[in-house]
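Report on the structure
Below are the chains, spelled out letter by letter.
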Amino acid sequence: MAIVIPVINLKGGVAKTTTSVGLAEMLTTEFKKKVLFIDLDPQTNATTMLIGEHRWKDLNDEGYTLARLFESALWPDELQFDLKRTLQRNVSNILAVLNLDLIPSSLDLINIQDDLTRIPRGKFYSNNPYDILRKAIQPIMNEYDYIIIDCPPNLGVITLNGLRIANGYIIPTIPDVLSTYGIPQIINRVNDFAWEIGSSIETLGIVITKFRENSNVHNTNLTRLKSMIDAPLFSAIFKDNNQMASAADFTMEYATFRQKWGYGGQFESFYSLAKEVVEKYERTEN
Ligand SMILES: Nc1ncnc2c1ncn2[C@@H]1O[C@H](COP(=O)(O)OP(=O)(O)O)[C@@H](O)[C@H]1O
Ligand SMILES: [Mg+2]
């Protein structure tokens, strides 16, 4: 069964999408894993990073996105979710990435987020509003080693659908006051939710993103994160770096991971992050 890892922070702009996409690509290239990426964020950034805007628009017009899954839970008599057509095989603009599949998101998810809490009970997908994603992807979960999930910046029903199937989750944060502010709440809420559903969801760790070495605020908060928050810190640190931001442009094509993400230590940081994750799960399996 796949190891499922959502990437969560209550704040936007902290590199959730960047971290999750890079981690997924790293797991396929350097660690030879088969990876499914699920984009749960209505902002759809990870989707357009991995398949581009044109392909996303076509899929969205046909109803082949996660918006349709959640709509079909709300209106089961009218709408159906087609997993086969929604699942995009062999995505990414890195040629060396061969084993990455995507379940794309949609901007239309924004409109239905609130309705999901009022889901009618008793229909196929709708016994439990947290179970919609789990039931839908069950047929393909065995195909993958890892499932990486990019989440919206909240702990609403959509994010909980990701946590419902999670083994552990990652919290990316810029080491500044506002980005780190909600981390204790995330950890508490996830622990409560895990207890509610009777499973264990491990806080794999906090990843420092957009780190500026010469910033006092960043250095102070990094120290604070090490000592004050009840979660491990990954040794990987992502420095503030322009090439990491340009990696969001799908229209460029790259031969290798390094070419896309740049040569300023990004490869090493993603490698270290992926290695910590893989070692954790391959140790506990044995
Ligand atoms: N290490 C970095 N250095 C510079 N810019 C970055 C870095 N990581 C991410 N970015 C950029 O910061 C912005 C926010 O990142 P993103 O991954 O979209 O965050 P989130 O998903 O949390 O909203 C994007 O424009 C992204 O390209
Ligand atoms: Mg994002």
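All of the points below concern the structure found in this document.

About the thresholds
- Residues numbered from 1 in each chain as written.
- Chains lettered and ligands numbered in written order.
- Predicted model: local features only at pLDDT ≥ 70, side-chain atom pairs only at ≥ 80, totals over all residues.
- Heavy atoms only, no water.
- Near = heavy atom within 4 Å.
- Polar contact = N/O pair within 3.5 Å; in protein donor to acceptor, adjacent residues only side chain to side chain.
- Areas by Shrake-Rupley, 256 points an atom, 1.4 Å probe, with all protein chains shown as cover.
- 1 Å grid on protein atoms, 1.4 Å probe; cavity = no way out; pocket = protein on both sides within 12 Å on 5 of 7 lines; lining within 4 Å.
- Sits in = over half its atoms within 2 Å of the grid points.
- Helix = DSSP H or I, 4+ residues; strand = E, 2+ residues; numbered from the N terminus.
- Nonpolar A, V, L, I, M, F, W, Y, C, P; charged D, E, K, R; others polar.
- Points joined across faces, edges and corners; volume = space filled by probe spheres on them.
- Pairing = 2+ DSSP bridges.
- Right-handed = clockwise from strand over helix to strand, strands pointing away.

Within the structure, ligand 1 sits among 13 residues, and Gly 13, Lys 16, Thr 17, Thr 18 and Asn 241 are positioned closest to it. Take Val 14: an N or O atom from its main chain is 3.0 Å from an oxygen atom of ligand 1. The protein chains hide 81% of the 560 Å² of surface that ligand 1 would expose on its own. Among the detected pockets, ligand 1 sits in the largest pocket. Elements that contribute at least two residues to the shell around ligand 1 include exactly helix H1 (16-29) and helix H11 (242-246). Counting residues per element, the shell around ligand 1 draws most heavily on H1, which supplies 3 residues. Here the shell around ligand 1 is composed, by residue class, of 4 nonpolar, 5 polar and 4 charged.

Of the voids in this model, the largest pocket is the one considered here, and its volume is about 460 Å³. Taken together, 23 residues form the lining of the largest pocket, with Gly 13, Val 14, Ala 15, Thr 18 and Lys 210 sitting closest to its centre. Here the lining of the largest pocket is composed, by residue class, of 8 nonpolar, 10 polar and 5 charged.

A regular strand places its side chains on the two faces of the sheet in alternate fashion. Pairing of strand E6 (residues 202-211) with strand E7 (residues 233-239), which is carried by 3 bridges, proceeds in the parallel orientation. Note on E7: the bridge partner recorded for Ile 206 is Leu 233. Following the backbone out of E6, through helix H10 (residues 216-228) and into the adjacent parallel E7, one traces a crossover that is right-handed.

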